[in-house]
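# Coordinate analysis (summary)
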Amino acid sequence: MGYLAIKNLSKSFQNNKVLDRINLDIEKGTFLSLLGPSGCGKTTTLRLIAGFERQDEGTINIGGNMIDRLPPYKRNIGLVFQNYALFPHMTVSQNIAYGLEQRNFTKGEIKKEVSKALEMVQLTGYENRKPRQLSGGQQQRVALARALVIKPSLLLLDESLSALDKKLRVDMQIELRQIQKNIGITTLFVTHDQEEAMTLSDQIAVMKDGKIIQIDTPQKIYEKPINTFVASFIGQSNFFYGKIKDHLQFELQNGQSFLLPHGDYSLNKGQDCIISIRPEKIRMDRNRPSHPHIQGKVKFITYVGNLSMYLIEALGLEIRVQNQNHNDGVPFEINDEIFLSWDSGNQSILFE
Ligand SMILES: Nc1ncnc2c1ncn2[C@@H]1O[C@H](COP(=O)(O)OP(=O)(O)O)[C@@H](O)[C@H]1O
Ligand SMILES: [Mg+2]
């Protein structure tokens, strides 16, 4: 059993099942993101772990201790929410000291710990400011210091960077990850932003409708998504719905067919399935390759500087291809006849 172990956690509000047997098992020091669309149950998961709600079923263990029946203040969990909820009438120091005072630390200890926490979030010198005298990013750092100063056994962050503008958010992501690594605290981070989850996490749990669909490293989630939901929620993908026939032939639902790249398809032959391939994994050639390929025509080009996105018309479908641009600009034009191909290692065969 890992450091944080959640088993079969379920929760309903009225008759609405909001969490449906959630399982998580992560090692100490892991940074795990709960990623999913709005309403999928991310906040509810955190609220159950923090003890603000009681689950209908399931158990929560931290470091081998069942914490299910403890009140929130005895769970030793650090929390940071999107609306930082700093006490507006208190100074930065008083905000950070609050949790220590509750725990009956001496004045001397409090002073020392607050000063260490401020140093950690690079806010030394801001002790006597009020929250309204701080920028959004600084308030966020105070909230983080306040959560960490009690030396929690688990840190929970709920969309805590979402209110910041893009540039500041990226800076804070890097800072958060550095602090988290330095102190080695196990962290659950809730976000609906796939890019944020990708850059920050050791592991991502992709959620949908109260269920965890896939837990993996960011790379596995991207390269080996287990279904079309994961493949399209994280990045973009082309989906070919159909059946694998003999001799690498893939028959699309629209009746057209093409040859798949060389590989072993024996397991999935004859079954309805979906071939998923990322736009950047598709090669685009002017000349007909000798390996299996799809013939198509460029319909639309979006120039993005270092890359271009192409919409290709082929097989009665629209296929997205992303290609690197080189020194001499965009290598293809609208209405160019082109040939698409990819390696079997880059595609996923999915069943939903
Ligand atoms: N206290 C509550 N009472 C009733 N329904 C709730 C309550 N809290 C959350 N929900 C519902 O549970 C679902 C999941 O909510 P939430 O966990 O906040 O999702 P997320 O954080 O992923 O956006 C939503 O449909 C929400 O309306
Ligand atoms: Mg939420």
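Here we summarise the structure given alongside this text. Please read these numbers as outputs of a predicted model, since none were measured by experiment.

### Description of the site of ligand 1
Every residue lining ligand 1 is accounted for by Phe13, Gln14, Val18, Pro37, Ser38, Gly39, Cys40, Gly41, Lys42, Thr43 and Thr44. Contact distances for ligand 1 include 2.8 Å between an oxygen atom and a side-chain N or O atom of Thr43. About the coverage of ligand 1: the protein hides 61% of its 560 Å² of free accessible area. Of all the elements, helix H1 (residues 42-50) adds the most residues to the shell around ligand 1, at three residues.

### With respect to the sheet that holds strand S8 (residues 187-191)
Backbone hydrogen bonds are what pair the strands of a sheet, in a parallel or an antiparallel way. If you trace the six strands from one edge of the open sheet to the other, you get S6-S7-S8-S3-S9-S10, paired in mixed fashion. Strands with a single pairing partner mark the edges of an open sheet, and in this sheet they are strand S6 (77-81) and strand S10 (211-216). On average, adjacent strands in this sheet sit at an angle of 15 degrees to one another, irrespective of strand direction. Summarising the sheet, strand S3 (residues 31-35) and S8 pair through five bridges and their orientation is parallel. What sits directly across from Ser33, in S8, is Phe189. The strands touched by H1 are S3, S6, strand S7 (154-158), S8 and strand S9 (203-208); relative to S7, the strand with the most contacts, the crossing angle is about 150 degrees.

What counts, and where the lines are drawn
Residues numbered from 1 in each chain as written. Chains lettered and ligands numbered in written order. Predicted model: local features only at pLDDT ≥ 70, side-chain atom pairs only at ≥ 80, totals over all residues. Heavy atoms only, no water. Near = heavy atom within 4 Å. Polar contact = N/O pair within 3.5 Å; in protein donor to acceptor, adjacent residues only side chain to side chain. Areas by Shrake-Rupley, 256 points an atom, 1.4 Å probe, with all protein chains shown as cover. Helix = DSSP H or I, 4+ residues; strand = E, 2+ residues; numbered from the N terminus. Pairing = 2+ DSSP bridges. Axes fitted to C-alpha atoms, helices over the stretch in contact; angles between N-to-C directions. Contact = heavy atoms within 4.5 Å.

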